[in-house]
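Analysis of the macromolecular model
Listed here are the chains, written in short residue letters.
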Amino acid sequence: MREHFPALVVVVPLIGALVAAILGWVNKRMCFPVAVLAMGGALVAASGMLARVLSGGPFDYNLAGWSPPMGIGYHVDHLNGIVLVVVGAVALLNLVATHRAAAETFGDRLGAFYALYVLFATGLFGIVVTGDAFNLFVLLEITAITGYALIGIGREHAPLASLNYVFMGTIGASLYLLGVGYLYLATGSLNMADLARLLPELYASRMITAAFIICMLGLFVKMALFPLHGWLPNAYTYMPPVVGGLIAPLTTKVMVYVMARIVLSVFTPAFAFGHLAMGPAAVWLAIVAMLAGSLMALSQQRLTRMLSYIIVAEVGYMVGGFWLGNRTAMTGAVLHIVNDAAMTLCVFLAAAGLRFKLKTDDFHALQGAFRKMPVTMGVLVVGALSIIGVPPTCGFFSKWYLISGGIAAGHYPFVAALLLSSLVNAVLFFRIFEIGHFEPFPDDRGAHAGHHVQVTEAPVSMSAVMVLTAIGLIVLGLYAGKIVTTIIDPALPAGIV
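Values in this document were obtained by computation on a predicted structure and should not be read as measured data.

1. Some points on the packing of helix 3 (residues 78-97) against helix 5 (residues 110-129)
- Contact pair helix 3 / helix 5: the axes reach a minimum separation of 9 Å and the direction vectors enclose 170 degrees. Put simply, helix 3 runs roughly antiparallel to helix 5. Contacts between helix 3 and helix 5 involve Asn-80, Val-83, Leu-84, Val-87, Gly-88, Val-90, Ala-91, Asn-94 and Leu-95 from the first element and Tyr-114, Tyr-117, Ala-121, Leu-124, Phe-125, Val-128 and Val-129 from the second.

2. Quick notes on the side chain of Ser-398
- Looking at the element boundaries, Ser-398 is found in helix 18 (residues 394-408).
- By relative accessible area, Ser-398 is classed as buried at 0%.
- A polar side-chain atom of Ser-398 sits 3.3 Å from a polar atom in the side chain of Asn-339.

3. So, helix 18
- Its 15 residues place the ends of helix 18 22 Å apart at the C-alpha level, agreeing with the 21 Å of an ideal helix rising 1.5 Å per residue.
- Here the buried face of helix 18 lies against helix 14 (303-324), helix 15 (327-358), helix 17 (374-388), helix 19 (412-437) and helix 20 (460-478).
- Gly-410 sits one or two positions beyond helix 18 and adopts a positive phi of about 70 degrees.

4. A short note on the packing of aromatic side chains
- Scanning the model with the defined rule gives 20 aromatic pairs in all.
- With centroids separated by 5.8 Å and ring planes inclined at 65 degrees, the aromatic side chains of Phe-113 and Tyr-117 adopt a geometry described as edge-to-face. Placement of the pair is Phe-113 and Tyr-117 together in helix 5, with a separation of four residues, close to one helical turn.
- Summarising the aromatic geometry, the rings of Phe-396 and Phe-397 are spaced 5.1 Å apart at their centres and angled 85 degrees between planes, so their arrangement reads as edge-to-face.
- Here Phe-396 falls in the partly exposed class, since its relative accessible area comes to 24%.
- Among the aromatic residues, ring-to-ring pairing joins Tyr-203, Phe-212, Phe-267, Phe-271, Phe-273, Phe-322 and Trp-323 into one connected group.

5. What to know about the packing of helix 6 (residues 133-152) against helix 7 (residues 158-187)
- One can describe the packing of helix 6 onto helix 7 by two numbers: an axis separation of 9 Å at closest approach and a directional angle of 175 degrees. On the basis of their axis angle, the class for helix 6 and helix 7 is roughly antiparallel. Judged by residue contacts, Ala-133, Phe-134, Leu-136, Phe-137, Leu-140, Glu-141, Tyr-148, Ile-151 and Gly-152 of helix 6 engage Ala-158, Pro-159, Ser-162, Tyr-165, Val-166, Gly-169, Thr-170, Ala-173, Tyr-176, Leu-177 and Val-180 from helix 7.
- Class assignment for the residues of the contact of helix 6 with helix 7 results in 15 nonpolar, four polar and one charged.

Cut-offs used in this document
- Residues numbered from 1 in each chain as written.
- Predicted model: local features only at pLDDT ≥ 70, side-chain atom pairs only at ≥ 80, totals over all residues.
- Heavy atoms only, no water.
- Axes fitted to C-alpha atoms, helices over the stretch in contact; angles between N-to-C directions.
- Helix = DSSP H or I, 4+ residues; strand = E, 2+ residues; numbered from the N terminus.
- Parallel < 35°, antiparallel > 145°, perpendicular 65-115°, else oblique.
- Contact = heavy atoms within 4.5 Å.
- Buried < 20%, exposed > 50% of the residue type's maximum accessible area, 1.4 Å probe, protein only.
- Polar contact = N/O pair within 3.5 Å; in protein donor to acceptor, adjacent residues only side chain to side chain.
- Expected span 1.5 Å × (residues − 1).
- Phe/Tyr/Trp six-rings, centres within 6.5 Å; stacked < 30°, edge-to-face > 60°.
- Nonpolar A, V, L, I, M, F, W, Y, C, P; charged D, E, K, R; others polar.

The quantities given are spatial measurements derived from coordinates; they are silent on function.
This is the structure in structure tokens:
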């Protein structure tokens, strides 16, 4: 069975989504166990593939025995091995954490919710593991369509935010597909490894240059790189809290991975960094994204919306680090994909807990939150310290690599923007802590003077997963060096120094 893990990581959750949808009409209480089994099985398969890569190196898997380029092949190496585990871990942890909240939120629609949830994760698994450029587009659309639905079932302005996401997402996917179409016209192949073999002879072709630029623009829309971020703030603010811990930590990070995969494994660094020399322009765009995301977050009055703009800045960290083009900065970018997924899960779970109990995440509602919900706020503190970059949390180590890579490249504006963005993050979160700890209750201004305060924590499952995630941020930080040496270093091409 182990040799079929690349197929099982997609097939198991795909079948799980179908079963959950059917059970939604028969016995809604069984939908959650089925979803857990599907996500657990996918995580086992992802972990098994990473272990195989670490012990024996990268490997390929041909679907139905058809060899590429005629058939669709899956390719597993160090880079997507760790991203697969991240996707599986985040999806499973959020699923368990939001079990009770999902039951109260969706009611009769619970079966549809779990089917969409598992199908969204299925699309992400497929995006990460596929070795076919067109198959990647199909899986992008599976993920996007289920994401639109998961966001659109929220309240307030969620349907309109989802519609905006549909428009922007369709533009991004269409651009990527157009670029892939140009590649097929020029090479007659869609397999990524085959494309990497054929393209060097065509580097001078304007069609190849157009294909690369169009693909990158499509992915920039998908990852919400400023100024193409317009769909993200409203979508992440108004989507149901139980969905936030799935979509927010994974969508942008997987798109950054796709960008890295297309550059490294399809067009190759020789074209992107040498022939086309796109690095400087991309780094400056990332600098603008870091500063714009951080500054826009300063003006927000809702916790989730503030976190959404922080994600816009975080995308700038990863894009800028990757396009600096040296090994240290790329290491930081890949490490930040892992770390930022964990950090975002941590803070969005805390925000979900606050919204579940307080019914809002407006800043004024957080007065006295440290006394009302000490565990939730404690987890938020750990997540915030990691996003700021305080050791020994994992955020410090990826930022260290990014800053070191910026210095090695002589790109001091990137280093300055990253440091300034981190300082703004400190201001953002300590404003929350001030409100939650020092400001009195709006309905009982004597509570801080010794009056009884009722502790009303998030559900046990959510609190337990939040604490586990917060501990994970420290563990990831303590083992950052080992992750870099055993996983990330072998994932980067030898020609990048």
